[in-house]
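Chain by chain, the residues:
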Amino acid sequence: MRAGQKVRLKAASPLKQQLNLPPEALGAVLCSYGLLRATGVTRHRLDVRFGPGLVIWGVPDDQFETVEEDAA
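Every value quoted in this text rests on a predicted model; they were computed, and no experiment measured them.

### As for the environment of Gly51
By the element assignment, Gly51 lies in the loop between strand E3 (42-49) and strand E4 (55-60). Residue classification places Gly51 among the partly exposed residues on the basis of a relative accessible area of 22%. Remark: the alpha-carbon pair of Gly51 and Ala25, spanning 26 residues in sequence, is separated by 9.3 Å.

Spelled out as structure tokens, the structure:
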């Protein structure tokens, strides 16, 4: 995923239930990065803005699905 891309949390994401976001809530990727672990495995993370009052930081990228631009 890349900066500016529209995403939504997957329905099964525990974060979606924790934040109590509606199913249609869309966010914009602020930053996409990888964290290299000592084992050599890179964990990909995203910082995502869901509006002026909600930014989530460092969430694993597998918690999101991309949204096609014309579907938004």
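### Structural notes on the environment of Leu30
As for its placement among the helices and strands, Leu30 is situated in strand E2 (residues 27-36). Classification of Leu30 by relative accessible area gives partly exposed; the value is 37%. When the C-alpha positions of Leu30 and Val55 are compared, they lie 9.0 Å apart, and in sequence the two are 25 residues distant. Non-local contacts of Leu30, meaning those with residues more than four positions away in its chain, are made with Ala3, Asp47, Val48, Arg49, Val55 and Trp57.

### Focus on the pairing of E3
Where E2 meets E3, eight bridges bridge the pair, whose relative direction is antiparallel. Paired with Ser32 across the bridge in E3 is Leu46. Count of turn residues in the E3/E4 antiparallel hairpin: five residues, of which Gly51 carries a positive phi of about 130°.

### Quick notes on the nonpolar core
Ranked by size, the top nonpolar core spans twelve residues in total: Val7, Leu9, Leu15, Leu21, Ala25, Val29, Leu46, Val48, Phe50, Ile56, Val59 and Phe64. Breaking this core down by element, the ones donating at least two residues are strand E1 (6-9), E3 and E4. With residues up to four places along the chain from it excluded, the contact list for Ile56 reads Leu15, Leu19, Leu46, Asp47, Val48, Phe50 and Phe64.

The rules behind the values
- Residues numbered from 1 in each chain as written.
- Predicted model: local features only at pLDDT ≥ 70, side-chain atom pairs only at ≥ 80, totals over all residues.
- Heavy atoms only, no water.
- Helix = DSSP H or I, 4+ residues; strand = E, 2+ residues; numbered from the N terminus.
- Buried < 20%, exposed > 50% of the residue type's maximum accessible area, 1.4 Å probe, protein only.
- Contact = heavy atoms within 4.5 Å.
- Pairing = 2+ DSSP bridges.
- Core = buried A, V, L, I, M, F, W, Y, C linked by side-chain atoms within 4.5 Å.

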